[in-house]
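# Overview (structure and organization)
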Amino acid sequence: MRVKVRIPPDGSFLSSTIYEGLLRLLAAGARVTGPNELEAPPDVLRSAFRQVAEWARDGLKLANTGKNDVKYIKILLQTFNIRYEDIAPRKKPKKGEKEGAVAKKLPYGRVIDAIASSDDGWGSLRDTTLRIEVDIKSRAIYVSATKKDALQLPVFKPDRYKGIRLPEAGIVTDMYQFGVGREAALIALLGMGGAHVASIGGMHFFLFIDPGMAAEVLTAPALGKDPSKVARAYLDARDAGAKALRGLEDAIVYAEAAVSRLVLDLAVRRAMRAGNISRLALRLVRVDEEGNTYKIYSDVPVTIAAGEAEYAEVLADHLDPGSPIIRCLRKEAMRLRVKGVQPCEEGPHVVSAALWLFRYVTAGSAEFLSHYVRELVAAADIAEVAEKGGRAATYRRMAASLLRVMR
């Protein structure tokens, strides 16, 4: 399959998934054959899907919105001789039935895994040009597709239905239909699965390499670099960040804590140095399922420099998955969506501490660290009243460990 890339590397979810997918193809062995063009033979395509499926099969729980787009998922699966009914979950059987009806919702992780496991269809994929076309008259946006063959999979456009600015129409305020071609859908699906970090209830978190940075990999040959090696280096660092975030569990809902962990994580910096990456631009994106639609809830840019951040080793320990900060943030996040969860008494101060730490890692001012220490001490004072030792003593040790290295 030859791919010509004509989609701008903007901040949309569509662009992010496609460029992430292109990086996965390059890392698996796809060749850059010209300016913004690459070639991915069937074995490379399948290899890329197999690598992503290792996490996505169980981790990516984001599902289609229901019966309206089931038929388009079926069309995609038919390419690989896969029956929707064979991989979709089933409802609880009614009395007297041997098995329940096929569910109308199918996690995209299962779709990726089924495609990766198939031996059929890879050679049938066609050359494609990744581009966006707008039909103002019929109020439709098509990605590498015509009205006739477009797959209406809204998962790739949670941020671009309303308010989109089009040269042909100005700012669009009405709903536009959205359709994507088969090959473009597969590349975007590969990128979505590869970028996924965690699914918490109806919230789904993705860590993308910034599309602008990903687009630069396609120009690597002009600079005498191997695009496959560059793509692998970027993805190794991104994957190290994803691993760090998965340890935070529910606490990832607090984007400030997640970003701070990314910037401070030593494994990410080791991967960057191993790949000779001086700067890595990422985006932490949260997509929520709301009824029959998807919505971008937050989109936070993260820039990491390879040089170790000041106090990184101490602060990274503060955001270790087993630290009282993360345990408290988990409870604070869980109580917002699960009834009966008992919050930690010092919760407001811990949340405030996370905000001050975020301000420090993004702005670098030592004043913010002072506020962070004060919130830790305040959290310790409240925890001391609420329980016997334990958390309070740990908060104080954390504050003291930071003060020692700051002097």
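Residues numbered from 1 in each chain as written. Predicted model: local features only at pLDDT ≥ 70, side-chain atom pairs only at ≥ 80, totals over all residues. Heavy atoms only, no water.

Counting secondary structure elements, the protein chain contains 15 helices and 13 strands. In terms of overall dimensions, the protein chain is globule-like: its C-alpha atoms have a radius of gyration of 23 Å, near the 22 Å expected for 407 residues. Along the first, second and third principal axes, the C-alpha set of the protein chain runs to 65 × 65 × 45 Å. Evaluated residue by residue, the protein chain yields a buried proportion of 54% over its 407 residues. (Helix = DSSP H or I, 4+ residues; strand = E, 2+ residues; numbered from the N terminus. Rg over C-alpha atoms; globule rule 2.2 N^0.38 Å. Buried < 20%, exposed > 50% of the residue type's maximum accessible area, 1.4 Å probe, protein only.)

Here we take up the state of the cysteines. Evaluated as defined, the whole model comprises one disulfide. Between the sulfur atoms of Cys328 and its disulfide mate Cys344 the distance is 1.8 Å. Its torsion about the S-S bond being 65 degrees, the disulfide of Cys328 and Cys344 is classed as right-handed. You can see Cys328 sitting in helix α12 (residues 324-334) and its partner Cys344 sitting in the loop between α12 and α13 (347-363), a full 16 residues away along the chain. Judged by its relative accessible area of 7%, Cys344 is buried. (Disulfide = S-S within 2.5 Å.)

With 17 residues, α13 extends 24 Å from end C-alpha to end C-alpha; this agrees with the ideal 24 Å at 1.5 Å per step. Listing the buried residues of α13 in full gives Gly347, Val350, Val351, Ser352, Ala353, Ala354, Trp356, Leu357, Tyr360 and Val361. Looking at the buried side of α13, the elements it contacts are α9 (255-264), α11 (312-318), α12, α14 (366-386) and α15 (391-406). The first or second residue beyond α13 is Gly364, which carries a positive phi of 80 degrees. (Expected span 1.5 Å × (residues − 1). Contact = heavy atoms within 4.5 Å.)

A few words on unusual backbone geometry. Of note in the backbone geometry, Arg139 takes a positive phi value of approximately 50 degrees without being a glycine. By the element assignment, Arg139 lies in the loop between β5 (132-135) and β6 (140-143). Overall, the relative accessible area of 37% leaves Arg139 in the partly exposed class. The phi dihedral of Tyr311 falls on the positive side, at around 65 degrees, and the residue is not glycine.

So, on to the pattern of salt bridges. By the definition in use, this model includes 24 salt bridges. Between Asp86 and Arg83 there is a salt bridge, with its nearest N and O atoms 2.7 Å apart. Residue Asp86 is classed as exposed on the basis of its relative accessible area of 54%. The partner of Glu332 in a salt bridge is Arg335, with the nearest N and O atoms 3.3 Å apart. Relative accessible area serves as the criterion here: at 41%, Arg335 is assigned to the partly exposed category. The network of salt bridges with common partners includes Glu20, Arg24, Arg238 and Asp239. (Salt bridge = Lys/Arg side-chain N within 4 Å of Asp/Glu carboxyl O.)

Glancing now at empty space enclosed by the protein. Under the defined criterion, the tally for this structure stands at one cavity of 30 Å³ or more. By volume, the largest cavity is sized at about 40 Å³. What lines the largest cavity is Met1, Leu25, Leu45, Phe49, Leu125, Leu186, Ile187 and Leu190. Residue assignment for the lining of the largest cavity shows that the elements contributing at least two residues are α2 (42-59) and α6 (182-195). (1 Å grid on protein atoms, 1.4 Å probe; cavity = no way out; pocket = protein on both sides within 12 Å on 5 of 7 lines; lining within 4 Å. Points joined across faces, edges and corners; volume = space filled by probe spheres on them.)

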